[in-house]
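# Descriptive analysis of the structure
Read off the chains here:
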Amino acid sequence: MAGKDKGLTTEAFIQKVGWRLGRYLAEQIDFDDGIVPDPKSAKPSVLLRRNAQKIDLQKVEALFNEFDADRNGSISLAEFEEMMIKLGLAPLKEDADIADSRTKVQEKTTKV
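These notes cover the structure that comes with them.

What counts and how
Residues numbered from 1 in each chain as written. Predicted model: local features only at pLDDT ≥ 70, side-chain atom pairs only at ≥ 80, totals over all residues. Heavy atoms only, no water. Helix = DSSP H or I, 4+ residues; strand = E, 2+ residues; numbered from the N terminus. Buried < 20%, exposed > 50% of the residue type's maximum accessible area, 1.4 Å probe, protein only. Lys, Arg positive; Asp, Glu negative; His and termini not counted. Salt bridge = Lys/Arg side-chain N within 4 Å of Asp/Glu carboxyl O. Polar contact = N/O pair within 3.5 Å; in protein donor to acceptor, adjacent residues only side chain to side chain.

Right, let's get into the side chain of D68. As for its position among the elements, D68 is in the loop between α3 (57-67) and α4 (77-86). R71 provides the closest opposite charge to the buried, salt-bridge-free D68, at an N-O distance of 5.3 Å. A polar side-chain atom of D68 sits 2.9 Å from the main-chain amide nitrogen of G73.

Right, dumping it as structure tokens:
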């Protein structure tokens, strides 16, 4: 096995590579007929990237649960917006949109 008791055995790894190669070959692009494979099947999961093994999935789950306010197992747009703002990841508006946004925020807060 690769790593510290994690990962696949050599046999399982070869089997997985064979399965992926077979899937890839079955979906080869046929330019003459205009057949193009589904891009989702060609794009590997982010969990397969080199540093994915360093991710603490338990902490990711805890973070998800923190922002899943209604505990329904999914994050609504409102919960996602809250999460993006709290984590400092929300994209900022252009300067022209800031004044309009402030007005809308003030309207929301004065109604409460």
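Our next topic: unusual backbone geometry. In this structure, R71 takes a positive phi of about 55° despite not being glycine. As for its placement among the helices and strands, R71 is situated in the loop between α3 and α4. Accessibility expressed as a relative area gives 56% for R71, which makes it exposed.

On to the environment of A78, then. In this structure, A78 sits in helix α4. Taking the C-alpha atoms as reference, A78 lies 9.8 Å from F67; in sequence the two are 11 residues apart.

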